[in-house]
Each structure stands twice: as C-alpha cells, then as structure tokens.
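# Examination of the molecular architecture
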Amino acid sequence: MSARSWCLAALLAALAAGPAAAQVVDEAPFDCCGGDLEHEHPPVEERAPEGEEEEAAEAEPAASEEEPAAEEEDDDGDDRWLAVHSGWVHTVTGPVLRDVTILARDGKIVAIGADVAVPAGAEELDARRFHVYPGLVAHDSSGLVGNPAEDSTDVYGLNLVLGLSAGLTTVGAGGQVVKLTYGTLEGHVVARRQFVSLNWSTAESRRKLRAQLEQVRKHLRAKEAAAQAKARGEEAEEVKPLRGHLEQLAKLLSGELSAQVKANGARELSELAELAIQYGFKVEVLGATEGWTVASLLGRARCSAVIVPRARHGEDPRLERPNGWTIENAARLHEAGVPVTIMSANTGIGTWGLAGHDLFTLSLEAAYAMRGGLDAEAALASITLMPARLLGVDHRVGSIEVGKDCDLVIAPGDLLDYRVLPEWTVVNGRIAYDKDKETLLRHIRPRDLQGENLEIPQLWPRRPGPEPAHPEGS
Amino acid sequence: MAGPLRSATPTLAVALALTLLTGAARAEEGADDLVVIRAGAVITVSGEELRPGMVVIRGGKIEAVGARVEIPPQARVIEASDETVMPGLIDLRSRFGLTNYGRSGNHADLDVLPELFFRPGELEPLLEAGFVAVGLVPAGRGVPGRATVIRPLDGPLSEIVVPGAGYLRITLSGLPSDKQTLRAAFAEAKQSIEREEKARKDWEEKQKKAAEAKKRQEAERKKQQEKETEQPKREGAFAQKKQRGAAKPAASEPAKFVPPPVPARARPFVAILKGEEQRGRVLLELGRASDLVHLEDGFGRHEHFAPLLFLDNDEQSDLYLGLERLAKAPLVVLRPRISMEPYTATRRNLPAELVRAGARIAFVPLSDGAEGHAELLEAVAFLVRDGLPRAAALAAVTLHAAEALGLGAELGAIEPGRRADLTFFDGDPLGPSPRVSRVMIEGELRFERGNP
C-alpha cells in the first residue's frame, strides 16, 4: 500500500469517527467563529475548493470506496510530505479546528484531521501549542518579488524574508500573482492577472469614461444583433472589432474582466457605484476612505473595497453630510455586504518599516479595522481569502482546505494581536521561514524549543491562578 | 655613394653570422636542453610536497620529479636549495591591462583578441607576481564572448596567446535581461540543431529515393538490354537516349551531406547542447545565491550544460546559502575573501566551506590590477589560516585554474610530461610574506629577482 493511500485510509477513519475525532475549539480568541457555525461543520475538511476538480477526483475514490488502496498514476514514490500538528487551525472558510494535523503532499493539503496517519519520511512540524492560519495575501506589493518574477526575484532576498516574517505568502505584484517561495522558484508565479484600470479621478476623465462605455455598449449590442440576424439566416453588417482600451472595456462589460478604480470621496464612490449598476460590471475600489457613508450603495453595486484602515482623511466641517475618515470604515462596509480587502498604506516592505505603514504590519492593519468594529472572522478574511479572490487565486490560497496549497502562518497566539510574530511560515508545503533560525526577529519573545514557556507574557492585568492560560494573546 | 654601402655590408654580414650562431646554439640546446632544479622544496600540487626536491626538465617539459633524482651529465643545474618551487600561478579570469569597454547581449562568436595591445614590459608585473598564464575575458553582460589565455611575455601576440585555451564567458545577475539573453541563445542553438537534423533526414530520404530510382533504372536497363538483344537495332538508339536522360538527376546529387549554416554566435551553444567538451566550456558568473536557484529551477537544465561557476563573492555575500548546489558544480571559481552574511556580523569562509562540502575551487585575485596579482597568495594564506585546507588552496591557484582554461593536462602541476612553467619562492608560498624569486616558462627562466 502506498504512503498516500495509507493516509487516505486514515482520513476515512477520521471521517467515520466524526466530531469526536477532531474537536472543535470552544473558545476561540476574540470569538473568531460564531458558536452555531462551529458544530455544523464536519471537523475534517473534505470538500475541495472550486476549480480544483483534479484534487477532488483524487481524494474522493479513496473516501467513497471501501478499499483505500486505490493507486494513483502519478505516485512516483518521492513525494514531499509535510505534517503540521496544529493546536488551532483557523480555516477562514470553516470553523476553528482544535488539535488536528494538516498533511500536505507536494505542496497541496491532502488531509486535515485528528487521526491523520503521517507517512514515513514526512517532515513534521510540532505546532500543538500554536495557532495556524492560511498564509496572508497582499493585494499589491512592490519590492518583494521581481518583475518578471521568474527571472528576477531574489529568492533569498531580505524583502522576501521580511514578507514571510510578517506572515505573507502570496502577493500581487503588477500584473502577476507571486508566492514568496524562499530558496526556490518552484511554484513561484501563481498567475498572471488582468484587470481594467479606470480613471475616475477628474470630472473630465469621468465624462470620457461614460462616453466610452456608451460607445462600447452600442458596439456590443450591434454585435449581438448581428449574431442574432446571422442565426436567423438574414444578412447582417460586419461589426468592426474594438481596439486598445475600448477592447478592454468590452471585456469589462461582458464580464470577462473586472475594473480597478481609485476612488475615495463619497460622491466619486456613489457615482461609480451607480455606473457599475448601470453597466453591470464588477468594480474593485481602491481607497474608499469615505466608503462608510455610501456603504449600502457600494454593496448593491457589488463593489469590492481595498481599504487602508489607517489612511486618514480629515473631515470637512462645511459639508452637510457625513464625510472624512473613520476607524469604522471596514466594519460599515462589511456590514453592508461589501467584500473588504485590507492593505497597508505603503505597498513595499523594509526593515525601516518595523512600526510603520508597510506590508510588514499588514496584520495590524486588519487588527485596526477590528478595533473599529469589524468582526475577527472578517478581519482575518480581509487579509487572506478576500485579496485571494480579487487576485483570482482563491482556488489555491486564502484558506486552509483540502486541495488548496499548503501555505500557512503559524503563530503563538492570535495573529491579529500586536504582540504576536509568526514563528513559522509555510509556502507550498515547505517551511519558508523559521523565526528561530532567522536573525531578524528571533530575539523578540524567543521561542522555547522545549515548549515550556510559550505564552506571551501577560503585562497587565496579571492573570490570576497558578497555571498560565493557553497562549491566546487576550 | 659606394662608401656607405661598402661599410654597411660587413656589419650586416656580422649580424647575420651572429644570429645564425645564436640560433644554432639555441637549436643545439633545444635538442637536449637538460635542466635540473635542485630546490629546497617542491610543491607538486598533484602529489606530495618534497623537501628537498629535484625537477628534471628536457626541452621545456618536465621529465622527472623526485626527492633525489640522478643528475644526468651535461645537465645545467639551477641551484635553488633555499627556495620553494611550485607550478606557475594561473589567473583564469582577468581584465588586466584592458579598458572598461563592455558589450551586452549574445556575442558568443567574439573574443577578447581585438582588445589586446600590450606595451613592452606591460605584462611584467604578472611575471613578477609569479603568474605563467592569464585568462583575459571580454567585459560586459550576457554573453560577451570567449576568454583568451596569454602568457606574460614580451613579443608579438602570436607568441603570447595560448591557442585553443579559454572558455565562453556568461553572466547571470539579478537582471532579467541576462536570463533572457541566455534563454534566447539556447533556443537559437536548439533551433539550429533541429534544422540540421531535419536537413539530414531530408537528405537521407533523398539519397534513399535516388538509390531506389537508380536500382529501378538499372533493372529497366537490364530489361531493355535483354529486349535489345531480342529486338532489332532500330529501337536501340532511342532507348539509349532515354536512358541517358533519366540517369542525369541521380548523378547530380551531392555525395556528402552539407549541413545548413549555423549562425556564428549559436555555434558555441550548439557545442554545449551536443556535449562537445572542449568547445562547450563555459564560465558562468553569478552574483548571489538566488542566481543559482534561477539557473537550476529556471532554465539552466540542459543535458550537457554543466558550467564552471564564477562567484562574485563580495564583502557581504549570501552565496553560502547555495552551498549544496555549488558543491555539485564541476568547478567553483571565486575570490579569496572572507565575507559577512548580509546584514549581520557573521563571518563566512566560503572557500573553506565549499571545500568541506566537496567542491573543487579555483581562485582569482581580489582585483584585476598588478596589486591584486601580487597579493593573491597573501589573501589565500589568510584563508588557509582560517581553515581552508592547504592542498586545496594550492590547487586553487594552479591546477584547477589550468583545468578551467582547458590546460589541465599541460599546466598546473609538477608532473612528468607537463610544461615546465614554474614559480620559485624564497620561502613558503603560503607563508606570511611570500616573495617570487624566479619564474620559469617552458624551461626558460623569464624572471629572476636581483639581490636587494
């Protein structure tokens, strides 16, 4: 029996055992998941994410048939296994799982469960006292990876390591989506990205865009009419294809691409939302500082927002409407159904940014949004699954699920706590960053390898009782 | 008018006679030009160090080496009992005496020869520093061209340049343009090979068809001949005419396959892909550990492509991260320097680590000028004191460097059969202040330090 099928057999056993096999955590930090949600979900993640039919097809025969010895064709015997024995698994798409093992084969998660059998020769990571999150995703970045990444990324570079030390595993960089694969180029570039950038900054540009959209709509209608006429067998005039930006706009209106628009003011945003409703295209709004004032409209227009929670924008007291910046922006947008992605003000990263506004503190940006009322679940999703969706790679990253890439951040407490630094970062099933081995941050709350003294020191108020509570950072 | 002519003739004659005489003397010497060096120590590099040691040289080649060798009669003895003799130093990659002119892109068909123009005595500092061969490289990025090996002598280029030696220089930095250049070069070579294969196949098919046609014709001719014998002569003339006409195309076919022309700059890469050892020798220059990953994971995987690696190990270098990959390279060329891990104060003796990991290394001087050459051994000695094995250090400046230049069978060690290119030191070459006392090239002393 191959190692792979052996593991699947174990997975089957875990499934049969049901909720008893994998306990669901009762007390998640900051109440990450609603109480009802936790017990509804099966403890073992079995479903494959969308777009990964291959993996699902591989996993299912062993699970449905009684014989686990179903052989795969691509079993070449030298698979790369990683088993992460985790204390808490924050799946993002499901509940928080307690005391489970995440098993990855060649960089893909193949099993999550309490009784997952680890094949011999697998690399094992003991994170039983740690919290495991999906790798963070930055909507945009500069200087972490090269362009083109496969030809110019410094895979040992300081910026890449800094990104990993901040928990980042996937970043958007120009027209590409790239993983921070330390020391290797295997699986480095995830996807090329296409979107339509719209200029919505001045009255003139807005007027021009409206005119262009109208032109494209007419074109599309003419094209459709011609196609229908042809179908009926009538003669129709040939419609000239569009070129350049107009071609892009046609793709936008036909739903092939989405738009990326910088907009901050209430009026800009509301006009943009109305335009999106009128023409029926999807918009990614960058900025959206006053988004909270028009949140419901943005929600109705199916806009996504990429916001910087700490971007300040003073209130204009002369205006007789709510305006300016608020800490609640992310929370209000989320409540109105706008998918919120959180970014740092600066897209770069550097050692000079240790307490700054760059990607090194992306998790703190999310924490800041949480301070403004965003719930913990949405805050975590805003730096994992939401940006992954915008980048078009949510079938591979952004959550911890069977079939997805094994990109994990392992932290001694709540990742959104200001005291918590990632201990390990896993990219494509490889340990890409180990805080204890990297000289950057290992002196800050050093990890005790014996596992004796892992909790974050409680500063104030001191906890009562002889035993220190589990490290949850609250 | 006749006066000056008459007076000039005897001088000319004398000069002619003199040159003839010296020429004859040299020729006589060359016949059994036997030299024995009696040295305090002989570092053979390929074998043990001998103390004392003797080297027998005949006709510019080493004939014997040993602790005690019988001195043949008529042999000229070089007394060097308080000196150490080792193979001449070799710098395999330098821009000594050349300008900053550089080129980018693929120029695999070019070399450094057009740049060479040395004033008399310009190469003397190399000789004084104990070097017997220097690989001069074209400057620039991408594939700037082939290196040329010279000997630090005075004279016309034809005497200085070592024919056939050298390698193709390729750089691979963090810039994407380098990778694009190299990728394009390999693609071009692959295309050339495919084109040749296709042409060969077509040609072979044509040959086959021609052969078949010939056979058929032969058979027809036989038939016809049979018929002719049966039939009267009247039809014979016409049949003959027909025969001659049909035989023509088969005769005009080329007997030998002529491959389609390969662009000059693609030829070295075709040689690499075909695994032609000598012509496909490549020195690939890397700046940082990441470049090594790009080479292996990115596009460098070609069956016969195993380049010699040159590391630009700076004062701060992360190349130690690529130790495992580097150990697999046929040869790692680097500067004798202790580097810091980037952003730390951690010292790394990369050469020593490489040798411990099983790599073969060669050194080039810290700088390309005269100073760098003069201080090479001092820098190497520093690394030896810091843990680099002595034998590896000595091979790194002689035998391994010679191998990189394609001269591994001729230079770099004191062994019978190799060229007698030797450097004499007035002490241990890896001692505190090694000083070159004499340099011998092909059995002739080309440099001797006067008494201070």
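First, a word on what this report is: a plain description of the structure on this page.

Thresholds applied
Residues numbered from 1 in each chain as written. Chains lettered and ligands numbered in written order. Predicted model: local features only at pLDDT ≥ 70, side-chain atom pairs only at ≥ 80, totals over all residues. Heavy atoms only, no water. Helix = DSSP H or I, 4+ residues; strand = E, 2+ residues; numbered from the N terminus. Buried < 20%, exposed > 50% of the residue type's maximum accessible area, 1.4 Å probe, protein only. Contact = heavy atoms within 4.5 Å. 1 Å grid on protein atoms, 1.4 Å probe; cavity = no way out; pocket = protein on both sides within 12 Å on 5 of 7 lines; lining within 4 Å. Points joined across faces, edges and corners; volume = space filled by probe spheres on them. Nonpolar A, V, L, I, M, F, W, Y, C, P; charged D, E, K, R; others polar. Core = buried A, V, L, I, M, F, W, Y, C linked by side-chain atoms within 4.5 Å. Phe/Tyr/Trp six-rings, centres within 6.5 Å; stacked < 30°, edge-to-face > 60°. Salt bridge = Lys/Arg side-chain N within 4 Å of Asp/Glu carboxyl O. Pairing = 2+ DSSP bridges. Axes fitted to C-alpha atoms, helices over the stretch in contact; angles between N-to-C directions.

Let's shift gears to the overall build of chain B. Counting its secondary structure elements, chain B contains 13 helices and 22 strands. For chain B, buried positions account for 47% of its 452 residues. A separation threshold of at least 6 residues defines the contact pool for chain B, and within that pool the share at least 24 residues apart is 68%.

The subject of this paragraph is helix α11 (residues 362-371) of chain A. All names here are of chain A. Of all 10 residues in α11, seven are buried, a share of seventy percent or more. Of all the positions in α11, only L362, S363, E365, A366, A367, A369 and M370 are classed as buried. Summarising the contacts, the buried residues of α11 are in contact with β5 (136-138), β6 (168-173), α10 (329-335), β13 (340-342) and α12 (376-381).

The next subject is the layout of surface pockets. Of the volumes computed, that of the largest pocket is approximately 1200 Å³. Lining the largest pocket are 41 residues, with A:Y156, A:Y182, A:E438, B:Y320 and B:L321 sitting closest to its centre. Mapped by element, the contributors of at least two residues to the lining of the largest pocket are α5 (158-165) and β16 (430-434) of chain A together with α8 (323-327) of chain B. Broken down by element, the lining of the largest pocket gets its largest block of residues, five residues, from β16(A). By residue class, the composition of the lining of the largest pocket is 14 nonpolar, 11 polar and 16 charged.

Judged by nonpolar contacts, the single largest core of 101 residues is most densely connected at B:L92, B:L136, B:I150, B:F269, B:L284, B:I361 and B:F363. If you tally residues by element for this core, the top one is helix α12 (residues 390-397) of chain B, at six residues. Excluding anything up to four places from it in sequence, B:F363 contacts B:I90, B:L334, B:R335, B:P336, B:P351, B:L376, B:V380, B:L383, B:L388, B:A393, B:A396 and B:V397. Core analysis: the next-biggest nonpolar cluster, separate from the first, contains 90 residues, A:V145, A:A369, A:L385 and A:L421 among them.

Residues and elements named next belong to chain B. A complete count under the given rule lists five aromatic pairs over all chains for this structure. Taking 5.3 Å as the distance between ring centres and 75 degrees as the angle between the ring planes, the aromatic pair formed by F186 and F269 counts as edge-to-face. Of this pair, F186 sits in helix α4 (residues 176-230) while F269 sits in helix α6 (residues 267-274); the two residues are 83 residues apart in sequence, bridging distant segments of the chain. Ring centres of F186 and F305 lie 5.0 Å apart, and the angle between their planes is 70 degrees; this geometry places the pair in the edge-to-face category. Remark: F305 occurs in the loop between α7 (289-299) and β15 (308-311) and F186 occurs in helix α4; sequence separation between them is 119 residues. An identical accessibility class is assigned to F186 and F305; each is buried.

A common measure of how large an interface is: the accessible area buried when the components associate. The interface is formed by 17 residues belonging to chain A together with 18 residues belonging to chain B. On inspection of chain A and its partner chain B, the count reaches two salt bridges. Among the salt bridges present, the one from B:R288 reaches A:D154, with a minimum N-O distance of 3.4 Å. Here the element with the most residues in the side of chain A that touches chain B is helix α4 (residues 149-152) of chain A; it accounts for four residues. Per-class residue counts for the side of chain A that touches chain B are seven nonpolar, six polar and four charged.

With that settled, the discussion passes to the environment of A:T153. Looking at the secondary structure, you find A:T153 in the loop between α4 and α5. Separated by 27 residues in the primary sequence, A:T153 and A:L180 have C-alpha atoms spaced 9.4 Å apart.

Residues and elements named next belong to chain B. With four bridges connecting them, strand β21 (residues 436-441) and strand β22 (residues 444-448) associate as antiparallel partners. Following the sheet pairing, V439 is matched in β22 by F447. Hairpin connection of β21 to β22: two residues between the antiparallel strands, including E442 at a positive phi of 50 degrees.

Residue and element names in this part refer to chain B. Strand order in the open sheet formed by six strands is β10-β13-β14-β15-β16-β19, and the pairing between neighbours is mixed. Edge positions in the sheet fall to β10 (145-146) and β19 (361-363), since each has one partner strand and no second. Note: strand β14 (residues 282-286) against β15, four bridges, orientation parallel. For E285, the partnering residue across the bridge sits in β15 and is F310.

In this section: the pattern of salt bridges. Across all of its chains, the model carries 57 salt bridges over all chains by this definition. The residue A:R321 makes a salt bridge to A:E290 at a minimum N-O spacing of 3.4 Å. With A:R321 in the loop between β12 (304-307) and α10 and A:E290 in the loop between β11 (283-287) and α9 (295-300), this pair connects stretches of sequence that are 31 residues apart. On the basis of relative accessible area, A:R321 is assigned to the partly exposed category, the value being 33%. A salt bridge links B:E188 to B:R265; the nearest nitrogen and oxygen atoms lie 3.3 Å apart. Of the two residues, B:E188 sits in helix α4 while B:R265 sits in the loop between α5 (236-252) and α6, which places them 77 residues apart along the sequence. When its relative accessible area of 37% is taken as the criterion, B:R265 is described as partly exposed.

All names here are of chain A. The five strands lie next to each other as β9-β10-β11-β12-β13, forming an open sheet whose pairing is parallel. Strands with a single pairing partner mark the edges of an open sheet, and in this sheet they are β9 (196-198) and β13. Within this sheet the neighbouring strands show an average axis-to-axis angle of 25 degrees, counted without direction. One ladder, built from three bridges, connects β11 with β12; its direction is parallel. Considered in β12, the bridge of L286 is made with V306.

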